[in-house]
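Observations on the model geometry
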Amino acid sequence: MTQVRDAIRGDDTRERPSYLIRPGRPGDSYELSFHWGELRAPSQMRVLDRYFDEIDRGIQGCQVALAQPGGELVGQVWTRYRNIDPGIADGRTECYVHTLFVMEKYRRQGIARALVEAASTAASRFGRSVMVIGVDRPNEYARKLYEKWDFHQFHATNDLRGDLIFLCRRLF
Ligand SMILES: CC(C)(COP(=O)(O)OP(=O)(O)OC[C@H]1O[C@@H](n2cnc3c(N)ncnc32)[C@H](O)[C@@H]1OP(=O)(O)O)[C@@H](O)C(=O)NCCC(=O)NCCS
């Protein structure tokens, strides 16, 4: 468990739950699969199970956010350390951050930022120094958010994977 945020900060008196960030574990995949909605949950759970297998092989890492109190899994982010398209990240000094998601009700409380910072800390343990993140070109909100976090665009693709923009920054 790496990070806890207080419910209320400064003069902001709105009631908000705190949250906690920890590494994801295989038992999380059922709950995390619902981040894609009920209909897609079964197929996403298979994907997540494969991702969790990859954690054991040092290919990926995962961070999850838990609402406090209650422990509901309200956010996730994944980091790929190896087996990455070399045009996107070299898999030696660079890692690829993907599948960043925070449940709607819990957004705008700094959870995504805390997840990415925790992913950065984990990446440093893997000897990586740069994070790359991909975003669908139409997802302007996410792109602007990443730019506020000092990611800058270095690459773009428009192929079978979609119309994507890739941004990078040194670890936090
Ligand atoms: C993009 C996404 C992950 C952001 O999650 P989030 O937890 O809301 O992100 P953060 O809270 O860290 O930052 C979001 C905003 O909240 C603000 N914020 C952070 N803490 C805050 C607080 N305590 N009070 C008020 N605002 C706060 C941030 O400054 C930021 O402001 P901005 O929108 O003006 O830039 C989320 O919107 C999401 O899951 N979207 C759908 C999936 C998606 O698009 N993922 C990205 C794929 S590339």
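Up top is the structure.
Everything in this summary refers to the structure shown in the same document. (Residues numbered from 1 in each chain as written. Predicted model: local features only at pLDDT ≥ 70, side-chain atom pairs only at ≥ 80, totals over all residues.)

Scanning the protein chain from N- to C-terminus turns up four helices and eight strands. Ordered by position from N to C terminus, the α and β elements of the protein chain give β-β-α-α-β-β-β-α-β-α-β-β. Scaling as 2.2 N^0.38, a compact globule of 172 residues should have a C-alpha radius of gyration of about 16 Å, and the protein chain matches this with 16 Å. Its C-alpha atoms give the protein chain principal-axis dimensions of about 45 × 35 × 30 Å. When each of the 172 residues of the protein chain is scored for burial, the buried share is 31%. Considering only intrachain contacts with a sequence separation of at least 6, the fraction spanning at least 24 residues in the protein chain is 53%. (Helix = DSSP H or I, 4+ residues; strand = E, 2+ residues; numbered from the N terminus. Rg over C-alpha atoms; globule rule 2.2 N^0.38 Å. Buried ≥ 20, exposed ≤ 12 C-beta atoms within 10 Å, placed from the backbone. Contact = placed C-beta atoms within 7 Å.)

In this model helix α3 (residues 111–125) runs 21 Å from its N-terminal to its C-terminal C-alpha over 15 residues, within 8% of the 21 Å that 1.5 Å per residue would give. Of all the residues in α3, the buried ones are Ile111, Ala112, Ala114, Leu115, Val116, Ala118, Ala119, Ser120, Ala122 and Ala123. Positive backbone phi, at 75 degrees, marks Gly127, one or two positions downstream of α3. (Expected span 1.5 Å × (residues − 1).)

A separate point is the environment of Gly127. Positionally, Gly127 belongs in the loop between α3 and β6 (130–136). As for Gly127 and Arg92, which are separated by 35 residues in sequence, their C-alpha atoms are 7.9 Å apart.

On to the nonpolar core, then. Here is a general trend for soluble globular proteins: nonpolar side chains tend to be buried in one another's company. Within the largest apolar cluster, 39 residues are counted, with the highest numbers of intra-cluster contacts made by Ala65, Val97, Ile111, Leu115, Ala119, Val132 and Ile133. Element by element, the count of residues in this core is highest for α3, at nine residues. Ignoring sequence-local partners within four residues, the contact set of Ala65 consists of Tyr19, Ile21, Val74, Gly75, Val102, Ile111, Ala114 and Leu115. (Core = buried A, V, L, I, M, F, W, Y, C linked by C-beta atoms within 7 Å.)

Right, let's talk about the site of the ligand for a bit. Not every one of the 16 residues close to the ligand is listed here, only the nearest: Arg107, Arg108, Gly110, Ala112 and Arg113. Looking at the shell around the ligand, the elements with two or more residues in it are β5 (94–102), α3 and α4 (140–148). Across the shell around the ligand, the residue classes break down as eight nonpolar, three polar and five charged. (Near = placed C-beta within 6 Å. Nonpolar A, V, L, I, M, F, W, Y, C, P; charged D, E, K, R; others polar.)

Looking now at unusual backbone geometry. Most peptide bonds take the trans configuration, and most residues that are not glycine carry a negative phi. With an omega of 0 degrees, the peptide bond running from Gln68 to Pro69 counts as cis. Tracing the chain through its elements places Pro69 in the loop between β3 (60–68) and β4 (73–80). The phi dihedral of Asp150 is positive, around 75 degrees, even though this residue is not glycine. Tracing the chain through its elements places Asp150 in the loop between α4 and β7 (152–159). When the 11 C-beta atoms within 10 Å are taken as the criterion, Asp150 is described as exposed.

Our focus in this paragraph is the pairing of β4. Most of β4 is tucked away: seven of the eight residues are buried. As consecutive antiparallel partners, β3 and β4 are separated by four residues, and within that stretch Gly70 has a phi angle of approximately 115 degrees, a positive value. Of the strand pairs in this sheet, β4 and β5 are connected by five bridges, and their pairing is antiparallel. In the sheet register, Gln76 faces β5, and the bridge partner there is Phe101. (Pairing = 2+ DSSP bridges.)

It is worth spelling out the pairing of β7 at this point. Buried residues are scarce in β7, accounting for zero of its eight residues. With seven bridges connecting them, β7 and strand β8 (residues 162–170) associate as antiparallel partners. Bridge pairing in β8 links His152 to Cys168. Here β7 folds back onto β8 in antiparallel fashion, the turn holding two residues.

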